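Listed below, chain by chain, are the residues.
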Amino acid sequence: MIVALAGGVGGAKLAHGLALAATGSGSGAQPRVIVNTADDFEHHGLRISPDLDTVLYTLAGLANAETGWGLAGDTFTTLDMLARYGVETWFQLGDRDFATHLLRTQRLRAGWTLTQVTAAFTRALGVEADLLPMCDEPIATMVETPDGALDFQDYFVRRRQTDDVRGVQFTGIEQAHIPEGVRAACAAADLIVFCPSNPIVSIGPILAVPGMRALLQQVAAPRIAVSPIVGGRALKGPADRMLAGLGHAVSATGVARLYQGLIDGMVIDQVDAELAASIEALGMRVLVTDTMMRNERDRQRLAREVMAFGAPGIS
Ligand code: FO1
């Protein structure tokens, strides 16, 4: 069984590839995906978990292919009516997407944990993989900028990631606990995959849950990260600018340094082949391949290559 750590769109794509590979191989063991919840926020009175929803919709085959988030074919009439009431509608929530936020909010208020809410959604949408929130406590990424501290979605969506990032804080992380299902998954894993998500604000919060680094350091299974930085750029989102703003090298090597001590190997894109030696010098194995996931076939191919590289024994 494979455990994947994932955040937004890039992470969801490889998690999907791992699920497709498991289905294809007939080994039955669907991946268990530990998902970032520090992007979560309250909006229009609803609790919204963008990364959980992005992974859920992607694995269910329902995600909007252009954006990677939200539901394919969704409409925005509810948002239009909210705008007529003078409400700000910079966060594009589709009419069908609202159902997820309404039900999550209602169930959390009724005492369900985020883990329980997420499990019910995955079963209802026919997703066989397990989606595991990194914790059940509410965590909020704050981005420190020259204009002061910004809520994550303000920075990411409303201000379109234009602010220089000087630091990030994960409010509430000290009170977070590793859910039992996450511990069990890591203990039973044959392979742990750090998906190509933003290492600062997607994988970072997962690693910041108290005890998570120690848990990952003591697992027996091989741990492989796929670089989200290709040719010095992030394929989507602000990871490159964030790494630069925080003083890290904006390269696969820079990402490898961030994960040093937590991973055994790194998968980098062929355009970064010349970085292999610098990453091996960090004590990691390196696989150089095409890490672009243009379609579902790519997702499955990359997943299979990561599996073969990380744990040759498992199918
Ligand atoms: N990202 C945007 O850039 N603009 C949006 O309007 C937007 C709406 C949205 C609605 C639901 C959802 O689950 C995600 C949404 N996202 C949007 C993406 C989201 O901000 C990011 O995916 C994560 O927070 C970072 O990975």
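Residues numbered from 1 in each chain as written. Predicted model: local features only at pLDDT ≥ 70, side-chain atom pairs only at ≥ 80, totals over all residues. Heavy atoms only, no water.

A. Seen up close, the pattern of salt bridges. All told, the structure shown has 16 salt bridges when counted by the stated rule. Here D164 makes a salt bridge to R166, at a shortest N to O gap of 3.8 Å. Using a relative accessible area of 45% as the deciding quantity, one classes D164 as partly exposed. R301 is paired through a salt bridge with D290; the nearest N and O atoms lie 3.7 Å apart. One end of the pair, R301, is in helix α13 (residues 296-310); the other, D290, is in the loop between β14 (285-289) and α13, with 11 residues separating them in the sequence. In the salt-bridge network here, residues are joined through shared partners; they are D290, R294, D298, R301 and E305. (Salt bridge = Lys/Arg side-chain N within 4 Å of Asp/Glu carboxyl O. Buried < 20%, exposed > 50% of the residue type's maximum accessible area, 1.4 Å probe, protein only. Helix = DSSP H or I, 4+ residues; strand = E, 2+ residues; numbered from the N terminus.)

B. The arrangement of the site of the ligand in detail. Taken together, 14 residues surround the ligand, and among them D39, D51, F91, Q92 and Q153 come closest. Separating an oxygen atom of the ligand from a side-chain N or O atom of D51 is a distance of 3.1 Å. Here W69 contributes a side-chain N or O atom positioned 3.4 Å from a nitrogen atom of the ligand. Its free accessible area being 530 Å², the ligand has 90% of it covered by the protein chains. The cavity that encloses the ligand is the largest pocket. Listing elements by their share of the shell around the ligand, those giving two or more residues are α2 (50-59) and α6 (152-158). Looking at which element gives the most residues to the shell around the ligand, the answer is α6, with 4 residues. Of the residues in the shell around the ligand, the class split is 8 nonpolar, 3 polar and 3 charged. (Near = heavy atom within 4 Å. Polar contact = N/O pair within 3.5 Å; in protein donor to acceptor, adjacent residues only side chain to side chain. Areas by Shrake-Rupley, 256 points an atom, 1.4 Å probe, with all protein chains shown as cover. 1 Å grid on protein atoms, 1.4 Å probe; cavity = no way out; pocket = protein on both sides within 12 Å on 5 of 7 lines; lining within 4 Å. Sits in = over half its atoms within 2 Å of the grid points. Nonpolar A, V, L, I, M, F, W, Y, C, P; charged D, E, K, R; others polar.)

C. The environment of H43, seen in detail. Structurally, the position occupied by H43 is in strand β3 (residues 41-43). Residue H43 is classed as buried on the basis of its relative accessible area of 11%. Distance from H43 to G7, taken between C-alpha atoms, is 20 Å for residues 36 residues apart in sequence. The residues touching H43, leaving out its near neighbours within four places in the chain, are I48, W90, F91 and L93. (Contact = heavy atoms within 4.5 Å.)

D. Here's a closer look at the layout of surface pockets. Here the largest pocket is characterised by a volume of approximately 1,000 Å³. Taken together, 41 residues line the largest pocket, and the ones lying closest to its centre are G8, V9, W69, F156 and K236. When contributions to the lining of the largest pocket are tallied by element, the ones reaching two or more residues are α1 (9-25), α2, α4 (95-109) and α6. Within the lining of the largest pocket, the residues separate by chemical class into 20 nonpolar, 13 polar and 8 charged. Reported here for the second largest pocket is a volume of approximately 220 Å³. Along its surface, the second largest pocket is lined by 15 residues, and A63, N64, A65, G68 and R299 are the ones closest to its centre. (Points joined across faces, edges and corners; volume = space filled by probe spheres on them.)

E. Structural view of α4. Its 15 residues give α4 an end-to-end C-alpha distance of 21 Å, which sits within 8% of 21 Å, the value for a rise of 1.5 Å per residue. Among all positions of α4, only D95, D97, F98, T100, H101, R104 and T105 are buried. On its buried face, α4 sits against β4 (46-48), α2, α3 (77-84) and α5 (114-124). (Expected span 1.5 Å × (residues − 1).)

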